[in-house]
Amino acid sequence: GNSVKIPYYLIEDKDQVIFVIASGKNGSEYNKTSGYFSNFPGMQTFQCLYGSGILLMQRNDEADEAKEFRVVTLNFGKQAIVPAGWAMCLANTGNRLLVVLRNSLLDEKFLDTKPVIEKKGLAYYVVEKKGEIVFEQNPNYLVHPQVAME
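Residues numbered from 1 in each chain as written. Predicted model: local features only at pLDDT ≥ 70, side-chain atom pairs only at ≥ 80, totals over all residues. Heavy atoms only, no water.

An order of 1-2-11-6-9 is seen for the five strands of this open sheet, with the pairing classed as antiparallel. Bordering the open sheet on either side are strand 1 (8-13) and strand 9 (79-82), each of which pairs with just one other strand. Strand-to-strand twist in this sheet, taken as the mean axis angle between neighbours without regard to direction, amounts to 25 degrees. Both strand 1 and strand 2 (residues 16-21) contribute to a ladder of six bridges, which runs antiparallel. (Pairing = 2+ DSSP bridges. Helix = DSSP H or I, 4+ residues; strand = E, 2+ residues; numbered from the N terminus. Axes fitted to C-alpha atoms, helices over the stretch in contact; angles between N-to-C directions.)

Rendered as structure tokens:
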């Protein structure tokens, strides 16, 4: 059938998760994790172990419209912190695997994928245009905050 191949794997241990995201694209959009909001009361640390990519972070308002949007460029050894209450998504913009370690094994009760699924992703998609990495507005959002690079 025409089922979409999930381009990533999770390796879970006691209190850590490793995301392994294959290189490649779905149309013009780089392979990514499905994304979720976290109700986890603390910050989460992500560390890039291999490859290169982008960590997307988004904070919504009460109406589930995007309020803030941040991106962090990932390469070997880079660490990034996702604040409590933010959504995150990892995109592999390189031509090798992207491997990222998260320092917390999130209990399912902390994960909220519904806002992301309903709007088919975060406020921006990471796409390739003419060989460049571009942030393309997701039309399912009314508001597209400025992209803040970290």
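A separate point is the side chain of Asn92. Its place among the elements puts Asn92 in the loop between strand 10 (87-91) and strand 11 (98-102). In terms of polar contacts, Asn92 uses its side chain to reach the backbone carbonyl oxygen of Ile21, at 2.9 Å. Reaching out from Asn92, the side chain makes a polar contact with the backbone oxygen of Ala22 at a distance of 3.4 Å. Not counting residues up to four positions away in its chain, the partners in contact with Asn92 are Ile21, Ala22, Ser23, Gly24, Tyr30, Asn31, Ser52, Gly53, Leu97 and Leu98. (Polar contact = N/O pair within 3.5 Å; in protein donor to acceptor, adjacent residues only side chain to side chain. Contact = heavy atoms within 4.5 Å.)

With that settled, the discussion passes to empty space enclosed by the protein. Tallying each qualifying case throughout the model produces one cavity of 30 Å³ or more. Within this model, the largest cavity holds a volume of roughly 70 Å³. If you go around the largest cavity, you meet 14 residues; those closest to its centre are Glu29, Lys32, Leu56, Cys89 and Tyr124. The set of elements that each furnish at least two residues to the lining of the largest cavity consists of strand 4 (29-30), strand 10 and strand 13 (124-129). (1 Å grid on protein atoms, 1.4 Å probe; cavity = no way out; pocket = protein on both sides within 12 Å on 5 of 7 lines; lining within 4 Å. Points joined across faces, edges and corners; volume = space filled by probe spheres on them.)

With that out of the way, let us pick up the environment of Gly94. Positionally, Gly94 belongs in the loop between strand 10 and strand 11. Classification of Gly94 as buried rests on a relative accessible area of 19%. In the structure, Gly94 is positioned 41 residues away from Gly53 in sequence and 6.0 Å away in space, judged by C-alpha atoms. What Gly94 contacts, discounting residues up to four positions off in sequence, is Ser23 and Ser52. (Buried < 20%, exposed > 50% of the residue type's maximum accessible area, 1.4 Å probe, protein only.)

Strand pairing in a sheet takes place through backbone hydrogen bonds and is either antiparallel or parallel in direction. The sheet built from six strands is open, its strands ordered 12-5-10-7-8-15 with mixed pairing. With partners counted over all chains shown, the strands left at the sheet margins are strand 12 (111-112) and strand 15 (147-149), one partner each. In this sheet, strand 15 lies alongside strand 8 (residues 66-74) in parallel orientation, the contact comprising three bridges. When the sheet's bridge partners are listed, Phe69 is paired in strand 15 with Val147.

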